[in-house]
Amino acid sequence: MAQALVEAVDLCKYFKTPKGLLHAVENVNFRIQEGKTLGVVGESGCGKSTLGRTVLRLHKATSGKVLYEGKDILSFSRSEMHNVHRNMQMIFQDPYSSLDPRMSIRALIGEPLSGLPRSERLSAAEEKEKVDAIMQMCGLPLHYANMYPHELDGGMRQRVGLARAMVLGPRFIVCDEPVSALDVSIQAQILNLLMDLQDEHKLSYMFITHDLAVVRHISDDIMVMYMGQVVEYAPSHMLFSSPMHPYTVALLNSIPTIDLSRRGRERITIHGEISSPVNPAPGCRFAPRCPYATEECRNEHKLVEVEKGHFAACTKGVK
Amino acid sequence: MSENLLEVKDLHVQYNTDDAVVYALNGVSLNLKEGEKLGLVGETGAGKTTLALSVLRLLPKVGQIASGSISYKGEELLDKPESYMLGLRGRRVSMIFQDPMTSLNPVKSVGDQIREVLDLHFPQLTKEAKNEKVDQMLQLVGIPASRKNEFPHQFSGGMKQRVVIAMALISQPELLLADEPTTALDVTIQAQIMALMGQLKDRFNTAVLLITHDLGLVAEFCDTVAVIYSGCIVESGTVEDIFSGKNNHPYTKGLIGCIPDLSKDEDRLHPIPGHMADARTLPSGCPFADRCANAMDKCRKERPEAFSEGTHTVFCHLFDNMRGGV
Ligand SMILES: Nc1ncnc2c1ncn2[C@@H]1O[C@H](COP(=O)(O)OP(=O)(O)O)[C@@H](O)[C@H]1O
Ligand SMILES: Nc1ncnc2c1ncn2[C@@H]1O[C@H](COP(=O)(O)OP(=O)(O)O)[C@@H](O)[C@H]1O
Ligand SMILES: [Mg+2]
Ligand SMILES: [Mg+2]
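All figures in this text were calculated on a predicted structure; none of them were measured in a lab.

Q: How do you make sense of the site of ligand 1 when you look at a structure like this?
A: Residues and elements named next belong to chain A. Around ligand 1 sit Phe-15, Leu-22, Ala-24, Glu-43, Ser-44, Gly-45, Cys-46, Gly-47, Lys-48, Ser-49, Thr-50 and Ser-276, and those are all the residues in its vicinity. In this structure, Gly-45 approaches ligand 1 through a main-chain N or O atom, which is 2.7 Å from an oxygen atom. Within the contact set of ligand 1, an oxygen atom lies 2.8 Å away from a side-chain nitrogen or oxygen of Lys-48. Contact with the protein chains hides 64% of the accessible area of ligand 1, taken as 560 Å² for the molecule alone. Elements represented by at least two residues in the shell around ligand 1 include exactly strand E2 (20-32) and helix H1 (48-55).

Laid out in C-alpha cells, this is it:
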C-alpha cells in the first residue's frame, strides 16, 4: 500500500475535568492517502472536533502518533511544525467566528501569507495577485475583496474560510462541519467546490460531520465514532451498503428520506442519550443504548477486519 | 373531510426597519385541517418563522401585517383584541421554537414551568391535579417525573426540547406550531422527538404545522406540504403529490436535487445556482425566476397563477398552457 499522507496510530486525547478523566478520543487509527477523503461521522460530543484538532496538534495528544508523510509530527519541534502547518489546514462550521470583523475579505485571505518566512515573503503586487487567484479558485467574485465578513451570507463566508485555508497551498485540510450551518442549495455548492479543489490540487481531507447524507458523497472512507470510540471504519460504499455496528445501522436508519417507499420501513429507535465518557469502563460505550447488548459487550472494545477493508467493533447490527 | 382549522389568505407581512422595509411574506395562503400535519418547507429567510409568529400575533414591534386574513375555526384573528389572543396562545395554539431556551426560564425548575401553563389556563384545577398532570406529561415525553425539580441547564438539548414539548402539549392544544423543533438535535434524538410528536398527535388529535428546511422530515412526518420561497408559497399538496416527482415547481425540483441521494454512488451534487433574493425588494414576477433554468420573459414580469390538479397546486408559468379555461 502506498504511504499515507496522514496517518494516526492509537491516537488518544483525554481531558482532565472536575469529574474525572474524559476520554474524548480513544485509540483512533486511520490512514488518508493523497487526494482522498476520510469522513468522520457521529453525533455531537462524540469527539470529532477533538480528533481533528489533535491531528493538527492544536490539542496536545495524550498518547499515540500522527504521521505526516510517515514522520511522527507529535515529536516535531516548533520550527519543524511550522512547515507542517502550512500543509495542514482547518476550516470550521462557522467561519464567522474565526474571521476578524474589522478586516476586509482581501486582508483576511492574505493574512496567512504574512506568516511566511522572510525568504518567501510576497511583494504587495504579488500578494494581490495571489489573493485574486485564490478568490477565483474559491468562487468568490473579486468585488467581494473590499467587503467585510458581516456583508456576506453563510455560503460566501465559508468560501472565505476555505480561501484562507487554501492560500498557503496545503495538502491536507480538516473540514470541521463546513456545511452544517448552510441551506441545502448552498451546501451542495460548497461540497462541489471542495470536490473540485480536491481534484485540481490532489488535496486530502478529513471531513467531519454529523450528517451521514453529506459525508457519503465526499468520502472515500468513513469512520463512525461514538463517545470517543471508533465503532466502524470502512470504504464509503461498504459502510452504506452493509453497515455492521448496531450504532451505524441505527444512524443510517434515522436519516429522514424523501423516498416514500421507505416511509413505512421498520424504525430502529435507539433510546436514551449520549453522555460523556468520563472515567469510562472498558467495553463498548454504546452498549447502554444498544438493543442487542449482552454481557460480552463489557469486554475490550476492538476493531476487527470483518471483510477486506471493513472494520467493525461489533457485527450485531447485521440482520 | 374535516373543516379547516386554520386558513391563511393572501397574507402580506413586512418588517419596517430603520434602513429598509423587509417584505417577509408576499401573499401567502394556506389551509390546515383539524388533526392534519402540514409541513412548511423552505430555506433560511423564506418567511417560515414570520408566518408562525403572525398566526399567534407575536411579531416583533417592527413587524407589520400589511394585509390579508388569518382565520382560526372561522374567526378572523387579525380583528381580535389582545385578550382573545391571550386565551388562544399556549392554550388552543402552542408553539415550539428551534432553540428550547427561547421558551425556558433558566432559573425555574422544569416542573414549575410546565405547571405554570396550567396555572394560567386551568386555574380551576387543584394543586394536586396539576402536579399529577405535570408528572404524567413528563413521563409521556420520556422524562422521569423525578427530574421535575431540576433546572434547564441540567438537561441535554434533546431533553430540553422534550420539556418544551411537554409545556406546549399539556393544555392539549388544537394546533401546534413547531418551528424547526429538531434542527439543533442529532438524528437519533430527532427520530425520538418526531416519534414522540407523532404519538402525541395520535393521542390528542392535535394539528401540526411543522416548519423545517428538511424535506426528508416532511416526507416522513407530514400529510401535506407547502413549499415557501421568498415569502411566497410556490407549491403545495399532499406528501404524495410533492414527492412523487411529477409536475413539481422548479424550485422544489431543485431542492430535491440538492439532497445527496443515499442510494446512489454519484459524485457531483446539483446545487441551485445563486441564492435567494434580498427580501428588501419585492419580486415583480415569480420570486424564483432569477435562479430558474426554465425562466421565460413573463416569469420576471407576472406573478404566476395557481395551477391545480386535485390536491396539488403549483405556482409556475411553465404550467400556463396546461391550465384549462381562463
Ligand atoms: N477543551 C475541552 N476540555 C474538556 N472537555 C472537552 C474539551 N473539548 C471537548 N471536550 C469534551 O470532549 C468530548 C468530545 O467533544 P468534541 O470533540 O467537541 O465532539 P464533537 O466535535 O464530536 O461534537 C465532549 O464530551 C466534550 O465535552
Ligand atoms: N425582526 C426582524 N427585522 C427585520 N427583518 C426580519 C426580522 N425577522 C425576520 N426578518 C426578515 O424577514 C425574512 C423572513 O424571515 P423568517 O421568517 O425568519 O424566515 P425563516 O424562518 O424562513 O428563516 C428574512 O428576510 C429575514 O431577514
Ligand atoms: Mg464538533
Ligand atoms: Mg425561522
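Q: Honestly, empty space enclosed by the protein in this entry has me stumped. Any pointers?
A: All names here are of chain B. Applying the stated criterion across every chain yields a total of 3 cavities of 30 Å³ or more. Computed from the structure, the largest cavity encloses a volume of approximately 80 Å³. Class assignment for the residues of the lining of the largest cavity results in 9 nonpolar, 3 polar and no charged. Reported here for the second largest cavity is a volume of approximately 40 Å³. The wall of the second largest cavity is formed by Leu-169, Leu-176, Met-197, Leu-200, Lys-201, Thr-206 and Val-208. Top contributing element to the lining of the second largest cavity by residue count: helix H6 (residues 187-204), with 3 residues.

Q: Just to check I follow, could you spell out the interface of chain B and chain A for this structure?
A: How large an interface is tends to be reported as the accessible area lost when its parts come together. On the side of chain A, 37 residues touch chain B, which itself brings 45 residues to the contact. For the pairing of chain B and chain A, the buried interface totals around 3500 Å² over both sides, and the portion due to carbon and sulfur atoms is 54%. Seen at the junction of chain B and chain A, the total is 3 salt bridges. A salt bridge links Arg-267 of chain A to Glu-220 of chain B; the nearest nitrogen and oxygen atoms lie 3.0 Å apart. Taken together, the connections running from chain B to chain A amount to 16 residue pairs in polar contact (both at pLDDT 80 or more). Those elements that place two or more of their residues in the side of chain B that touches chain A are helix H5 (157-169), H6, helix H7 (215-221), helix H8 (239-243) and helix H9 (250-258) of chain B. Here the residues of the side of chain B that touches chain A sort into 21 nonpolar, 11 polar and 13 charged.

Q: When you look at the sheet that holds strand E5 (residues 71-72) of chain A in this model, what are you seeing that I'm missing?
A: Whenever strands of a sheet pair, they do so through backbone hydrogen bonds, lying parallel or antiparallel. All names here are of chain A. Taken together, 4 strands build an open sheet; the order of strands is E2-E1-E4-E5 and the sheet is antiparallel. Since the sheet does not close on itself, it has two edges, and those belong to E2 and E5, each with one partner. Summarising the sheet, strand E1 (residues 6-17) and E2 pair through 9 bridges and their orientation is antiparallel. Residue Lys-13 lies in a different strand from E2, and its bridge partner there is Val-25. Where H1 meets the sheet, it contacts E1, E2 and strand E4 (63-68), and its direction lies at approximately 115° from that of E1.

Q: How should I be thinking about the side chain of His-121 of chain B in this particular structure?
A: Take His-121 of chain B: it is sitting in helix H3 (residues 110-121). When near neighbours in sequence (up to four residues on either side) are disregarded, His-121 of chain B contacts Leu-86, Arg-89, Gly-90 and Arg-91 of chain B.

Q: Which parts of the structure should I look at to understand the environment of Thr-44 of chain B?
A: Checked against the element boundaries, Thr-44 of chain B lands in the loop between strand E3 (37-41) and helix H1 (48-55). Apart from residues lying up to four places away in sequence, Thr-44 of chain B is in contact with Asp-183 of chain A together with Met-276 of chain B.

Q: Would you mind going over the sheet that holds strand E7 (residues 175-179) of chain B with me for this structure?
A: All names here are of chain B. Pairing is mixed across the open sheet formed by 8 strands, whose spatial order is E6-E7-E8-E3-E9-E10-E12-E11. A single partner strand is all that each edge strand has here, and the edge strands are strand E6 (93-96) and strand E11 (306-309). For this sheet, the mean angle separating the axes of adjacent strands, direction not counted, is 15°. In this structure, strand E9 (residues 224-229) lies alongside strand E10 (residues 232-238), joined through 6 bridges in antiparallel fashion. Residue pairing for E10: Tyr-229 is matched across the bridge by Cys-232. Contacting E6 and E7, H5 runs over the sheet at an angle of about 170° to E6. Against the sheet, H9 engages E9 and E10, with an angle of about 100° to E9.

Q: Before we go on, may I ask you to explain the packing of aromatic side chains in this structure?
A: A ring pair, where both rings are aromatic, is described by two values, the distance of the centres and the angle of the planes. The tally for this structure, following the rule as stated, stands at 8 aromatic pairs over all chains. Ring geometry for Tyr-226 of chain A and Phe-286 of chain A: centres 5.0 Å apart, planes at 75°, overall edge-to-face. Here Phe-286 of chain A lies in the loop between helix H10 (246-254) and strand E11 (304-307) and Tyr-226 of chain A lies in strand E9 (residues 221-226), a separation of 60 residues in the sequence. Of the two residues examined, Tyr-226 of chain A and Phe-286 of chain A, each falls in the buried class. With a centroid separation of 5.2 Å and an interplanar angle of 85°, the aromatic rings of Tyr-229 of chain B and Phe-288 of chain B are classed as edge-to-face. Separated by 59 residues along the polypeptide, Tyr-229 of chain B in strand E9 and Phe-288 of chain B in the loop between H9 and helix H10 (297-301) bring together distant segments of the chain. Each member of the pair, Tyr-229 of chain B as well as Phe-288 of chain B, is classed as buried.

Here is what the cut-offs are and how they apply
Residues numbered from 1 in each chain as written. Chains lettered and ligands numbered in written order. Predicted model: local features only at pLDDT ≥ 70, side-chain atom pairs only at ≥ 80, totals over all residues. Heavy atoms only, no water. Near = heavy atom within 4 Å. Polar contact = N/O pair within 3.5 Å; in protein donor to acceptor, adjacent residues only side chain to side chain. Areas by Shrake-Rupley, 256 points an atom, 1.4 Å probe, with all protein chains shown as cover. Helix = DSSP H or I, 4+ residues; strand = E, 2+ residues; numbered from the N terminus. 1 Å grid on protein atoms, 1.4 Å probe; cavity = no way out; pocket = protein on both sides within 12 Å on 5 of 7 lines; lining within 4 Å. Points joined across faces, edges and corners; volume = space filled by probe spheres on them. Nonpolar A, V, L, I, M, F, W, Y, C, P; charged D, E, K, R; others polar. Contact = heavy atoms within 4.5 Å. Buried area = accessible area lost by both parts, 1.4 Å probe. Salt bridge = Lys/Arg side-chain N within 4 Å of Asp/Glu carboxyl O. Pairing = 2+ DSSP bridges. Axes fitted to C-alpha atoms, helices over the stretch in contact; angles between N-to-C directions. Phe/Tyr/Trp six-rings, centres within 6.5 Å; stacked < 30°, edge-to-face > 60°. Buried < 20%, exposed > 50% of the residue type's maximum accessible area, 1.4 Å probe, protein only.

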